[in-house]
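What the coordinates show
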Amino acid sequence: MAKPWEELHIQIESDKEYNDAISYKGLTCLEVHAGWCGPCTAAIPTLKKLHWDMVEEKSAAVQFVVANSDNIQALQEFKERSKPLFMMFRKGQKLTTIEGVNTYALRQFVEENAPSKSDIASEE
């Protein structure tokens, strides 16, 4: 049975997948968690709604990615966290970090910074 976040997130398992995800031309919302972290699933309903609002309704170029800090070398410093951490990237550059399940800050940042799919297409 699929885990709840697998319905809307890209699950990354390797350093290569991590590098590919953060290099996306649109906005990447990377949720970093430890495999044992229960509170990390608390944001899932908000992320599902945000995904629907931004990607499905507004055609924003935003991808939601989940990474287990136990598996990705670049995220090893976050292995002992007991709450989720959201890191926002665009074209390989980290834009901001949002600690915990701060749904207001997460929604506001994505709404203000996610380019449209047409903007991404015109950059190519």
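Remember, predicted model here, so these are calculated numbers, not experimental data. Note on numbering: residues in each chain are counted from 1, in written sequence order. Residue-level local features of this predicted model are given only where pLDDT is at least 70; pairs of side-chain atoms are given and counted only at 80 or more, and the full residue set underlies all totals for whole chains, interfaces and linings. Values reported for side chains reflect all heavy atoms of the structure, with hydrogen atoms and water molecules removed beforehand.

Between Lys or Arg on one side and Asp or Glu on the other, a salt bridge is scored when a side-chain nitrogen of the former is within 4 Å of a carboxyl oxygen of the latter. Under the definition given, this model contains 2 salt bridges. Of the charged contacts, one joins Asp-20 and Lys-16 as a salt bridge, the two residues approaching to 2.8 Å between their closest N and O atoms. In this pair, Asp-20 and Lys-16 both sit in helix H1 (residues 15–22), 4 residues apart, roughly one turn of the helix. Any residue under 20% of the maximum accessible area for its type is buried, any over 50% is exposed, and the rest in between are partly exposed; the area is computed with a 1.4 Å probe on protein chains only. Assessed through its relative accessible area of 57%, Lys-16 is described here as exposed. Each helix is a run of DSSP H or I of at least 4 residues and each strand a run of E of at least 2, with the numbering of both proceeding from the N terminus.

Of note, the phi angle at Lys-91 is positive, near 55°, even though the residue is not glycine. Looking at where Lys-91 falls in the secondary structure, it is placed in the loop between strand E4 (85–90) and strand E5 (93–99). Owing to a relative accessible area of 46%, Lys-91 belongs among the partly exposed residues under this scheme.

For the rest of this paragraph, the subject is the nonpolar core. In these notes, a set of buried Ala, Val, Leu, Ile, Met, Phe, Trp, Tyr and Cys residues joined through side-chain atoms within 4.5 Å is what counts as a nonpolar core. In this structure, Val-62, Met-88, Leu-106 and Val-110 are the most contacted members of the largest nonpolar core, which totals 16 residues. Ranked by the residues each element gives to this core, the list is headed by helix H2 (residues 44–57), at 4 residues. Note on contacts: a residue pair is in contact if any heavy atoms of the two residues lie within 4.5 Å. Not counting the four nearest positions on each side in its chain, Leu-106 is found in contact with Cys-29, Leu-47, Leu-50, Phe-86, Met-88 and Ile-98.

Turning our attention to the sheet that holds strand E3 (residues 62–68). Whether two strands pair comes down to DSSP finding at least two bridges between them. Strand order in the open sheet made by the 5 strands is E1-E3-E2-E4-E5, with mixed pairing throughout. Looking at the sheet topology across the chains shown, the edges are occupied by strand E1 (10–12) and E5. Taking each pair of neighbouring strands and ignoring which way they run, the sheet shows an average axis angle of 25°. Sheet topology note: the E4/E5 ladder contains 6 bridges and is antiparallel. Within the sheet, the bridge partner assigned to Phe-89 lies in E5 and is Lys-94. Angular values range over 0 to 180 degrees, each being the angle between N-to-C directions of two axes fitted as lines to C-alpha atoms, with helices fitted over their stretch in contact. Packing of H1 onto the sheet brings it into contact with E1, strand E2 (27–33), E3 and E4, and relative to E1 it is tilted by some 135°. Lying on the sheet, helix H3 (residues 103–113) is in contact with E2, E3, E4 and E5; it crosses E5 at an angle near 155°.

Attention now moves to the confidence of the model for the protein. Within a predicted model, pLDDT stands for the predictor's per-residue confidence, ranging from 0 to 100. When pLDDT is averaged along the protein, the result is 80, and 81% of the positions lie at 70 or above. Across residues 1–6, confidence stays below pLDDT 50; counting only partners more than four residues off in sequence or on other chains, it has 6 contacts.

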